[in-house]
Amino acid sequence: MAEPPFNAFRYAHAHRTEVAWMSQNTNHLVPPEVVRGALEEAIRARLYEGYPLASGDPELLELARADLGLAEMTPFLTGGGTESLYMIARALLKPGDEVIASDPSYLIIHRFVELSGARTKNLDIYAPPYRLTADRVREAISPSTRMILLIDPLNPLGSGYPREEVRAIAEIAHDHRLVLLNDVTYRDFSEGHALAASFAPEETVTVWSVSKNCGLAGLRLGGILARPDVLDAIARFNTNDLGVNVLAQVAARAALRTKASWIGNVVRQTRENDRRVRATALSVPGATVPVPPSRANMTIVDIADTGVRPELLQEELLRRHGVFIRAGNYLSPKHGAKFVRISFSNPPADVDRFERAFPEAMRTLAARAPTAR
Ligand SMILES: Cc1ncc(COP(=O)(O)O)c(C=O)c1O
């Protein structure tokens, strides 16, 4: 019988304690004390036996709103930002609608758009400035356009939007009465980040998450901030009618209460790791880093000119070196075969391992690659 294809996630989870997890933009730098006490107390009190307040813990809702500084908007909790994105696509799009988006992008959102019978118009952003611009968005508008997808900072490129560009895109949304879906999952990593809702409050629906900034990806909590009438329309598609995970709410509340005291260190270490990852990547002939420095906690490394295939590099780094990074194919139909994505909100020891492993894995694979130059 033929051997089944290598499943990187299955392998990485089976070896979880030995793997430097640099593949999913998760954050391993938040001091564990931030949530440990609150979670232990909630477990001792057996909070998990009962349902949570269905509308969400009032303090957490308030913290989420205050964290983003959007006093006029109504907060809503979901199972990760992912569920918010699903609900928004289902509620606000209909068959035939068009969404202005990009390639590369966080393609799960595009899939949700398609489930609603709508389609994305993917503007190719694999060239400077590696993000959308107001001019290109304006040109892309057609009579079918219903939404603009503004992921800022952008997964996977690590690019982010200057304040004036956010303002210009928000004005387009306002002038054309389009929904502006502003996914700000990585916002805390981006210096000088601007929220689209501050420029187009009526049109903007903001999606936030505690997965990446607070290091709580496994607990699956995020949410929406939108004007009350828009939120009512979206909430019709809520599947968590009995509320979202009670332990996730406890942890998110503890993290957001104290975030101001530890996020600076998380971001500083992330930036330092970015610098080291980039230097390591650039030490390999033919490898380039298109977006330096990142405004998020990940970067891409373009290896097209090395002749090494991203999937093989992912497998080699994981199996031989215990370093889990991600091949680009799930992030870009057009350019995914050229790059890998590496995330780095990790302890320095993980980056040490990457520094040793990446050049060696590239040497090994380049020697084998038939197209190597
Ligand atoms: C741009 C973007 N949005 C949303 C999410 C979903 O995050 P979560 O469901 O963990 O909140 C991710 C996860 O990687 C992401 O990259």
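Note that this is a predicted model, so its numbers are computed, not measured. Position numbers for residues count from 1 along each chain, tracking the sequence in the order it is written. Where totals are concerned, whole chains, interfaces and linings use all residues; where local detail is concerned, this predicted model gives features only for residues with pLDDT of at least 70, and gives and counts side-chain atom pairs only at 80 or more.

**Considerations on the overall build of the protein chain**
Right, on to step 1. For the purposes of this entry, the term helix denotes a DSSP run of H or I that reaches at least four residues, the term strand denotes a run of E that reaches at least two, and both are numbered from the N terminus. The number of helices and strands found in the protein chain is 11 helices and 12 strands.
Right, on to step 2. Atoms considered for the radius of gyration are the C-alpha atoms alone. The globule rule reads 2.2 Å times the number of residues to the power 0.38. Taken over the C-alpha trace, the protein chain has a radius of gyration of 21 Å; the compact-globule value for 373 residues is 21 Å, and the two agree within 12%.
Right, on to step 3. Its C-alpha atoms give the protein chain principal-axis dimensions of about 60 × 55 × 50 Å.
Right, on to step 4. By the burial criterion, 49% of the 373 residues in the protein chain qualify as buried. Each residue is classed by its C-beta neighbour count within 10 Å, where at least 20 other C-beta atoms makes it buried, 12 or fewer makes it exposed, and intermediate counts make it partly exposed; the C-beta atoms are placed from backbone geometry.

**Quick look at unusual backbone geometry**
Right, on to step 1. With omega at -5°, the peptide bond leading from D152 into P153 counts as cis.
Right, on to step 2. Tracing the sequence through the fold places P153 in the loop between β5 (145–151) and α7 (163–176).
Right, on to step 3. Cis geometry is adopted by the peptide bond preceding P293, which originates at P292 and carries an omega value of -20°.
Right, on to step 4. Inspection of the secondary structure assignment puts P293 in the loop between α9 (246–282) and β9 (298–302).
Right, on to step 5. We note that R46 has phi near 55°; this positive angle belongs to a residue other than glycine.
Right, on to step 6. Within the secondary structure, R46 sits in the loop between α2 (33–44) and α3 (58–68).
Right, on to step 7. Taking the C-beta count within 10 Å as the criterion, R46 has 8 such neighbours and is therefore assigned exposed.
Right, on to step 8. Even without being a glycine, Y130 presents a positive backbone phi close to 60°.
Right, on to step 9. Along the chain, Y130 turns up in the loop between β4 (119–124) and α6 (134–140).

**Remarks on the domain arrangement of the protein chain**
Right, on to step 1. How far each domain reaches was decided by an automatic or database domain assignment. Annotation of the protein chain at the domain level lists domain 1 (8–31 + 260–368) and domain 2 (33–258).
Right, on to step 2. Using only C-alpha atoms to locate each centre, domain 1 and domain 2 end up separated by 25 Å.
Right, on to step 3. A pair of residues counts as a contact when their C-beta atoms, built from backbone coordinates, are separated by no more than 7 Å. Each side of the interface is counted separately: domain 1 has 29 residues, and domain 2 has 25 residues.
Right, on to step 4. Only α9 and β9 provide two or more residues apiece to the side of domain 1 that touches domain 2.
Right, on to step 5. The biggest single contributor to the side of domain 1 that touches domain 2 is α9, with 5 residues.
Right, on to step 6. Classification convention: Asp, Glu, Lys, Arg as charged; Ala, Val, Leu, Ile, Met, Phe, Trp, Tyr, Cys, Pro as nonpolar; all other residues, Gly among them, as polar. Of the residues in the side of domain 1 that touches domain 2, the class split is 14 nonpolar, 12 polar and 3 charged.

**Some words on the environment of F9**
Right, on to step 1. Residue placement: F9 occurs in helix α1 (residues 8–14).
Right, on to step 2. Its 12 C-beta neighbours within 10 Å are what place F9 among the exposed residues.
Right, on to step 3. For F9 and S23, which are 14 residues apart along the polypeptide, the C-alpha to C-alpha distance reads 9.7 Å.

**Section: the nonpolar core**
Right, on to step 1. One finds I148, L149, I169, L180, L181, A252 and A255 to be the most contacted residues of the largest nonpolar core, which totals 114 residues.
Right, on to step 2. The biggest single contributor to this core is α9, with 10 residues.
Right, on to step 3. Three or more residues apiece are contributed to this core by two domains, here domain 1 (8–31 + 260–368) and domain 2 (33–258).
Right, on to step 4. Apart from residues lying up to four places away in sequence, A255 is in contact with V34, V35, V210, C214 and L216. To form a nonpolar core, buried Ala, Val, Leu, Ile, Met, Phe, Trp, Tyr and Cys residues must be joined through C-beta atoms within 7 Å.

**Side note on the sheet that holds strand β12 (residues 339–343)**
Right, on to step 1. Judged by pairing direction, the sheet is antiparallel, and its 3 strands sit side by side in the order β9-β12-β11 without closing on themselves. Either end of the sheet is taken by a strand with one partner, and the two such strands are β9 and β11 (326–327).
Right, on to step 2. Note: two strands are recorded as paired if DSSP finds a minimum of 2 bridges between them. When β9 meets β12, the two strands line up antiparallel, connected through 5 bridges. Across the sheet, D302 pairs through a bridge with F339, a residue of β12.

**Observations concerning the environment of H174**
Right, on to step 1. Tracing the sequence through the fold places H174 in helix α7.
Right, on to step 2. Taking the C-alpha atoms as reference, H174 lies 49 Å from E18; in sequence the two are 156 residues apart.
Right, on to step 3. Each residue touching H174, except ones within four places of it in the same chain, is listed here: A200 and E203.

**Concerning the site of the ligand**
Right, on to step 1. Nearness rests on one distance test: the residue's C-beta atom, set from the backbone, must lie within 6 Å of the molecule or strand. Near the ligand, the surroundings consist of 13 residues, among which G80, G81, T82, S209 and S211 are the closest.
Right, on to step 2. The leading source of residues in the shell around the ligand is helix α4 (residues 80–92), at 3 residues.
Right, on to step 3. The residue makeup of the shell around the ligand, split by class, is 3 nonpolar, 9 polar and 1 charged.

**Looking at the sheet that holds strand β7 (residues 204–209)**
Right, on to step 1. Strand order in the open sheet made by the 7 strands is β2-β8-β7-β6-β5-β3-β4, with mixed pairing throughout. Strands at the two margins of the open sheet, each flanked by one partner only, are β2 (74–78) and β4. Ignoring which end each strand starts from, the neighbouring axes of this sheet average 25° apart.
Right, on to step 2. Alignment of β5 against strand β6 (residues 179–183), held across 5 bridges, turns out to be parallel. Whenever a helix is involved, its axis is fitted only over the stretch in contact; in every case the axis is a line through C-alpha atoms, and angles between N-to-C directions fall within 0 to 180 degrees.

**Things to note about the pairing of β2**
Right, on to step 1. Burial within β2 is extensive, with 4 of its 5 residues counted as buried.
Right, on to step 2. Judged from the 5 bridges that link them, β2 and strand β8 (residues 222–226) form a sheet pairing that is antiparallel. Paired with T74 across the strands is A226, a residue of β8.

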